[in-house]
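Secondary and tertiary structure notes
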Amino acid sequence: MNLGLGGAAIRRFPLLDEVDVAVVGAGAAGVAAATIAAEAGAHVLVIEKYGFAGGAAVAGLSGTICGMYLASEDARRPEQVVHGFTERFAAELTSRGGLTEPQRYGKTFTAAHDPLMWRESADGLLTGAGARILFHTQVIDVLVEDGYYRGLLVASNAGVGVIRAARIIDASGDGAVVARGGGDYRFGADGRIQNPTMFFRLGNVDTERFWAAWGDDTISPAWVTEAIDDARAGGVDLPRNKIWIFATSRPRELLVNATRLTAPDGRMLNVIDPADFTLAEIGGRRQVRDYARFLCGTVPGCADAFVVDTGVEAGIRQTRTVAGVQTLRDSDVVDGTKRADSICRSPWPIELHDGEKPRLHWLLDDYYDVPFGALVPERGEDVIVAGRCLSAEHQALASARVTAQCFEYGHAAAVATIVSLESGAAYRDLDVRDIQTRMIANGSALEPVTAAAAYSERQEL
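This is a predicted model, so every value here is computed, not measured.

Focus on the overall build of the protein chain
Within the protein chain, the regular secondary structure consists of 14 helices and 20 strands. Taking 23 Å as the expected radius of gyration for a compact globule of 461 residues, we find that the protein chain reaches 22 Å, a close match to that expectation. Put simply, the protein chain has 461 residues, and 60% of those count as buried. Within the protein chain, residue pairs in contact and separated by at least 24 positions form 75% of the contacts whose partners lie at least 6 positions apart. Of the side-chain charges in the protein chain, 45 are positive and 60 negative, and the distance between the mean point of each set is 3 Å.

Brief notes about the side chain of Gln-318
Relative to the elements of secondary structure, Gln-318 occurs in the loop between β14 (306-310) and β15 (320-322). Under the relative-accessibility criterion, Gln-318 is labelled buried at 3%. There is a polar contact of 3.3 Å between the side chain of Gln-318 and the side chain of His-394. In contact with Gln-318, other than residues within four places in its own chain, are Gly-188, Ile-193, Gln-194, Arg-388, His-394 and Leu-397.

With respect to the sheet that holds strand β13 (residues 253-257)
Pairing within the open sheet is antiparallel, and its four strands lie in the order β12-β13-β11-β14. What marks the edges here is a single partner per strand, and that holds for β12 (244-247) and β14. Pairs of neighbouring strands in the sheet enclose a mean axial angle of 30°, with direction left out of account. The pairing of strand β11 (residues 200-203) with β13 spans four bridges and is antiparallel.

A few points about the sheet that holds strand β4 (residues 103-105)
Here we have three strands laid out as an open sheet, ordered β3-β5-β4, and antiparallel in their pairing. Single-partner strands in this sheet number two, and they are β3 (64-65) and β4. Bridge count between β3 and strand β5 (residues 108-112): two bridges; the pairing is antiparallel. Each bridged residue has a counterpart across the sheet, and for Ile-65 the counterpart in β5 is Ala-111.

Rules used throughout
Residues numbered from 1 in each chain as written. Predicted model: local features only at pLDDT ≥ 70, side-chain atom pairs only at ≥ 80, totals over all residues. Heavy atoms only, no water. Helix = DSSP H or I, 4+ residues; strand = E, 2+ residues; numbered from the N terminus. Rg over C-alpha atoms; globule rule 2.2 N^0.38 Å. Buried < 20%, exposed > 50% of the residue type's maximum accessible area, 1.4 Å probe, protein only. Contact = heavy atoms within 4.5 Å. Lys, Arg positive; Asp, Glu negative; His and termini not counted. Charge placed at Lys NZ, Arg CZ, Asp CG, Glu CD. Polar contact = N/O pair within 3.5 Å; in protein donor to acceptor, adjacent residues only side chain to side chain. Pairing = 2+ DSSP bridges. Axes fitted to C-alpha atoms, helices over the stretch in contact; angles between N-to-C directions.

Dropping the structure here:
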C-alpha cells in the first residue's frame, strides 16, 4: 500500500469526508466538472486553495474567454463553434452584465469578463448544483493504493485531514494530484515552458479616444510596437513589443496583457518552484508599472489613467503536462485533425509565449478535435485530469490550454466520471460514445460517432 506519507501517518489524521467525486481546483475546468457531476446526482466536494473560484481566469486575471470562435482572414463577425458548458457559463456572466461582446483578436474574436462576476457566477452554479465547496484548502498529498487513487490529504487553518473519494478530478491546472500520486508528467519541450505574465486593469481611460487611436483589433498596431522599441532603446524595461489590450465590461477601463516574466538574468521561470513564482510576482508588479507609464505617456486616452489592480497572482500558462493514454500532437493542431473520440473542438491559434514576442499560428476557418484519452493519465486509476495539464505536446498545448476548452475538458471529465461510477469501469476502458452522447445532450458541439468509426479510431491507435 502506497499512501504518500505512509499508512500509519495517514491514519493519524481525521477523516473529513467520503465522497463520490473530489474535484481539486475551481478554475474553469473544475467549476464545469463539479457542476456537471453534482447535477448528475453525485456527492461532490470541491477543494480550492483560494477563497473563490476562477483559477487563472480570476486569480491570474487572464480576463477573457478565448477559444469559442473560428479564425478567418477577414474575421468580420464571430462564428462560434464551441458550445456546451462554455456557452452556459458565458450566459451566466452575460446575465450579470459581466461579459463584453466579442472583440476582435487578430483573425478571431474573444470576450472579456468581469472577475468579480466570474466568481459570483461560479458560486451560483456550484451551490445550485449541490456541490460542497472547501475554499482555503490545499491538497498536500494523495492516497494511492495499488495504483488506485483513493483520496486526498488536505490542509487548512483548521489542520490536516483526509478526504476519501471514489473518483478524483485533477483540475488543479498543474497536474498536482497526478504528480503527487506518482503519475508521469513533463514540463513543455525538454523543460522549456511558456512564460508567465502579469495582467493588469487600467482605469480612468478615455476609451473613445483610446480605441480611435488603437484601432478595432485588441492586438497592438505597428505604431505601438515601434514606440515600445524606442522606449526600450532608452532603457525602459518593456520586454514585449507586441501587447494586447481588451475592453472590459466596466466604463473607462482596459484589461492589459503586456508583460513577459523571466528571472533577472533572463532565465525561464517554472512557477512550480515557489522561488521562481516569487520572482514572477515581484518582477510582474514592477513591469506592470513600466507598461502603465508607457501607455499613459504614449497612447491617446491614457494620459490620466491609473492601474486599478493586477492579478492576485502571475498569470500561469503552463507547468506540468500529464502523460496521458493519448497525446494531442502539434500536428493535430496544425492539420485540424478531426477524431472519432473527440470531447472538445478548438479553433484557437497556437499562441506560444516562450520568446521575445508571442508567436501565433492561425487555424483559418477550421478547428481540431481533442481526444478523450488526453484527459486520462497513462498510469493510475480512478483519477482524470481537466484543464491546461492535459496530455499535449508543447505547441499543441499553446492552443489547447485556453478557457473555452478548459470548460469543456471539465464537462467531459465530469460526464466520464459519472459513466465510470455507474458502470464500475475504469476511465481508460470507457466507450467515448457514451460520454459524447451525454455531452451533446448538454449542448456541446460534437459530431455523433458511429460504432464503425469508433472501432476504426481504436484500431488506428
